[in-house]
Amino acid sequence: TPDFIERHSTILTLNDGTRMLLRPIVPEDKTRLQEGFARLSEESRFRRFMGYMDRLHSPLLRYLTEIDYEDHFAWVGIDADRPEEPGIGVARYVRVKDDPTAAEAAIVVLDDYQGRGAGTILLQALGAVALEPLELTSNCRSQAGIVDWVNRAFAGVFPGADGCGDPAFEFH
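For clarity, every value in this text was computed on a predicted model and none was experimentally measured. (Residues numbered from 1 in each chain as written. Predicted model: local features only at pLDDT ≥ 70, side-chain atom pairs only at ≥ 80, totals over all residues. Heavy atoms only, no water.)

Quick look at the overall build of the protein
A tally of regular secondary structure across the protein gives six helices and six strands. Starting at the N terminus, the α and β elements of the protein follow one another as α-β-β-α-α-α-β-β-β-α-β-α. Residues counted as buried form 44% of the 172 residues belonging to the protein. Restricting to contacts in the protein with at least 6 residues of sequence separation, those with at least 24 account for 59%. For the protein, the exposed surface amounts to about 9,700 Å²; the carbon and sulfur share of it is 51%. (Helix = DSSP H or I, 4+ residues; strand = E, 2+ residues; numbered from the N terminus. Buried < 20%, exposed > 50% of the residue type's maximum accessible area, 1.4 Å probe, protein only. Contact = heavy atoms within 4.5 Å. Areas by Shrake-Rupley, 256 points an atom, 1.4 Å probe, with all protein chains shown as cover.)

Right, here's the structure in full:
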């Protein structure tokens, strides 16, 4: 509902001073996602979707934007001073059906905004919105190399309990 979206929206500042509107994704974001996807490099597309895609097809766009905000939640980050642009990034989780404490998580930041702290903010917001603690897992498409890359990329976001930098995700 519009009230839910408004109550869960805020403006945060990235490391370089860019103001990012953070809000839950809505069905009307389909075009924003398509345009943002078109601006992703081939490498960023591969890292997010674990394979090569040339565009987001309608069924996938519906899946990514028509969510229940409980078992499937997603944040979208939008440049607050350039709201007509596709956005900055998206972070989401989808709970595992048989285990409500486990979820698959995904994050993507447009190449132009990488290295500014947007991914960290999106990921922290994703963890904060979970109704109960979640164990993030790799999915069936994951390969050890991709999971290792995720572990290295997010070592600072998901430090080990004792601060020694244990992996954020484990490959099973």
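Picking up after the structure, the text goes on.
A few points about the pairing of strand E2 (residues 19-24)
Looking at chain direction, strand E1 (residues 10-13) and E2 are connected through four bridges and run antiparallel. By the bridge assignment, Leu 12 is partnered in E2 with Met 20. Where E1 folds back onto E2 in an antiparallel hairpin, the turn is made up of five residues, including Gly 17, whose phi is positive at roughly 95 degrees. (Pairing = 2+ DSSP bridges.)

Side note on the nonpolar core
With 37 residues, the main nonpolar core has Met 20, Phe 73, Trp 75 and Leu 122 as its most contacted residues. Of all the elements in the fold, those that place two or more residues in this core are helix H1 (2-7), E2, helix H2 (30-39), helix H4 (58-65), strand E3 (72-79), strand E4 (89-96), strand E5 (99-109) and helix H5 (118-129). Beyond its immediate chain neighbours, meaning those up to four positions away, Met 20 contacts Thr 10, Ile 11, Leu 12, Leu 14, Gly 77, Ile 78, Ala 80, Ile 88, Ala 118, Ile 121 and Leu 122. (Core = buried A, V, L, I, M, F, W, Y, C linked by side-chain atoms within 4.5 Å.)

A short note on the pattern of salt bridges
Summed over the entire model, instances satisfying the criterion amount to eight salt bridges. As a salt-bridge pair, Arg 116 and Asp 16 come within 3.0 Å of each other at their nearest N and O atoms. Remark: Asp 16 occurs in the loop between E1 and E2 and Arg 116 occurs in the loop between E5 and H5; sequence separation between them is 100 residues. The class of Arg 116 is partly exposed, set by a relative accessible area of 23%. For Asp 16, a relative accessible area of 44% corresponds to the partly exposed category. Two residues, Arg 82 and Glu 85, come together in a salt bridge whose shortest N-O distance is 3.8 Å. Taking the relative accessible area as the measure of exposure, Glu 85 reaches 18% and is therefore buried. (Salt bridge = Lys/Arg side-chain N within 4 Å of Asp/Glu carboxyl O.)

Some details on the pairing of E4
By the criterion of burial, E4 is predominantly enclosed, with six of the eight residues buried. Taken together, the six bridges between E3 and E4 define a ladder with antiparallel strand orientation. Bridge pairing in E4 places Gly 77 opposite Gly 89. Relative to E5, E4 runs antiparallel, the two sharing eight bridges. Across the sheet, the residue bridging to Val 96 is Asp 99, located in E5.

Overview of H4
Along H4, the positions that sit buried rather than exposed are Leu 61, Leu 64 and Thr 65. Each buried residue of H4 sits inside an arc of 85 degrees when the element is viewed along its axis, so together they form one side. (Arc of directions from axis to C-beta.)

As for the environment of Leu 60
Inspection of the secondary structure puts Leu 60 in helix H4. On the accessibility criterion, Leu 60 (24% relative accessible area) is partly exposed. Placed 30 residues apart in sequence, Leu 60 and Lys 30 show a C-alpha to C-alpha distance of 9.7 Å.

Here's the deal with the packing of H2 against H4
When two helices pack together, you describe them by how their axes are tilted relative to each other and by the distance separating the axes. The N-to-C vectors of H2 and H4 enclose an angle of 115 degrees; their axes lie 10 Å apart at closest approach. Relative to H4, the crossing made by H2 is right-handed. Note on element contacts: H4 touches H2 through Leu 61, Arg 62, Leu 64 and Thr 65, opposite Lys 30, Leu 33 and Gln 34. Along the lines of polarity and charge, the residues of the contact of H2 with H4 split into three nonpolar, two polar and two charged. (Axes fitted to C-alpha atoms, helices over the stretch in contact; angles between N-to-C directions. Left-handed = near helix turned anticlockwise from the far one by under 90°. Nonpolar A, V, L, I, M, F, W, Y, C, P; charged D, E, K, R; others polar.)

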